[in-house]
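The primary structure of each chain is shown beneath.
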Amino acid sequence: MIEYAMRELVRRYRRTLITVGGYLIAVAFSCLLLSAVKGAEKASGAILKSTGTHFIAFIPVCGGDDCPVSALDREHEGFYAGTTPARPLNNSLLISIKSLPSVADAAPCLFYRMKNGAEGEVLTIAGILPVESRATATNCCSASEILDGRFFAQGDGDVVVLAQSYAETASLSVGDALTIGGTPHTVVGVIEAGIKPVKADAYMPIAAAENLIRPRVKGEIADSSNVLMIESADSHTHKEAMDDVRRIMGAEALLSSYNCYKPAAMADLINRNGADIAALLAYLCILVFSLQSELHSVTERKHEIGIVSSIGWSRGNIVTQIFFESALKAFAGWAIGSLLSVAVILLAPASPDGWRLTLIPQLYVSSFLLVLASGAVAGIIPGLVAANRKPAECLRKY
């Protein structure tokens, strides 16, 4: 049957070329369209999935004199999370939080508000790990936000990175010394971190913050932090991450987050659904085209079908013949269309913002199966239509 199908395709080469060309255009266009849609969805999805996925967790300060750690001058100084007094917690909590599947990263922060200098100005300091982490970057600050100088490095001691607003108010710049609690600290950088949960006047390594705070409090603060900075896995699991952290920290825990993760997760879902709908529409177009083409081909060959029926071909033979013809044309169109789309994707230059068409191997596997399925449907249905006609009717109407 395959040999007869090949002969028929060669004999009617114009119809074959038209049909193969239709498959080629349909496959190439749909693959390029979906590559563009998937590329855009991937680029925007990466942004949307990481939007609003950071939050801080803390426990409010205990009242009275029963707190294991408290400021000596509780009227003017203390540990804070934003504007809320918060108690120091052992950093062992971070181990449990980091192990949560819904959490991508977690980092400690010692946030302290104090009186500084002879005039008693209020200064807020944030002690963070000198090694950058995702949770620190999204909740506090990062090297990419440095305006002048540098960020922290391993081995840094009494150094600070100042918020731009504080540096300008205090007339300080990189290389100057800022005395905090009687200890000179070298300004190594000036930063503008934007609106984030942890925002201080001066940032320093957490070890330096411990040394600075220890004489000003009663109780031990070694390996402690009063603000836990957390980054969830993505916007879809952000609510789950907050619930998991609250369960670990207990009923007293307070969490502060931005609600923008909700519309971000929804927008990402809409993008993905849009890409799937585009794929479905592209493949429906292929199916409709192939079915229409084969029906037209069968209509043109009514006389021939009547002849082979009259000389003894069974209905199964006719259906099989038309099926193989359709499948061969579908495969040829898919192969050429796929090669053409791959060439365009690989050769197309990137846009000015770095976005480019994305080569997705799975797309070609699925398109191969769907095109062959379309070819099969487009062959079987017209084949059944042709096989169910009476030979005399086909010959008489020719």
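Residues numbered from 1 in each chain as written. Predicted model: local features only at pLDDT ≥ 70, side-chain atom pairs only at ≥ 80, totals over all residues. Heavy atoms only, no water.

S.K.: Please clarify how the packing of aromatic side chains should be interpreted in this entry.
M.R.: Any aromatic ring pair is given by two values, namely how distant the centres are and how the planes are angled relative to each other. The tally for this structure, following the rule as stated, stands at five aromatic pairs. Every member of this aromatic cluster is reached through a ring pair, and the members are Phe-331, Trp-334 and Phe-368. Above the face of the Tyr-80 ring, Arg-113 is positioned so that its terminal group lies 4.1 Å from the ring centre. (Phe/Tyr/Trp six-rings, centres within 6.5 Å; stacked < 30°, edge-to-face > 60°. Lys NZ or Arg CZ within 6 Å of the ring centre and 35° of its normal.)

S.K.: When you look at the pattern of salt bridges in this model, what are you seeing that I'm missing?
M.R.: Where charged atoms from two side chains of opposite charge come close, those side chains can pair. If you walk through the whole model with that rule in mind, you get 11 salt bridges. As a salt-bridge pair, Arg-246 and Asp-243 come within 3.8 Å of each other at their nearest N and O atoms. Of this pair, Arg-246 and Asp-243 both sit in helix 7 (residues 238–249), three residues apart, which is roughly one turn of that helix. Given a relative accessible area of 34%, Asp-243 falls into the partly exposed group. One salt bridge in this structure joins Arg-247 and Asp-244, with 2.9 Å as the shortest N-O distance. Remark: Asp-244 and Arg-247 occur in helix 7; sequence separation between them is three residues, near one turn of the helix. With a relative accessible area of 55%, Arg-247 lands in the exposed category. Take Asp-244: its relative accessible area is 11%, and that puts it in the buried class. (Salt bridge = Lys/Arg side-chain N within 4 Å of Asp/Glu carboxyl O. Helix = DSSP H or I, 4+ residues; strand = E, 2+ residues; numbered from the N terminus. Buried < 20%, exposed > 50% of the residue type's maximum accessible area, 1.4 Å probe, protein only.)

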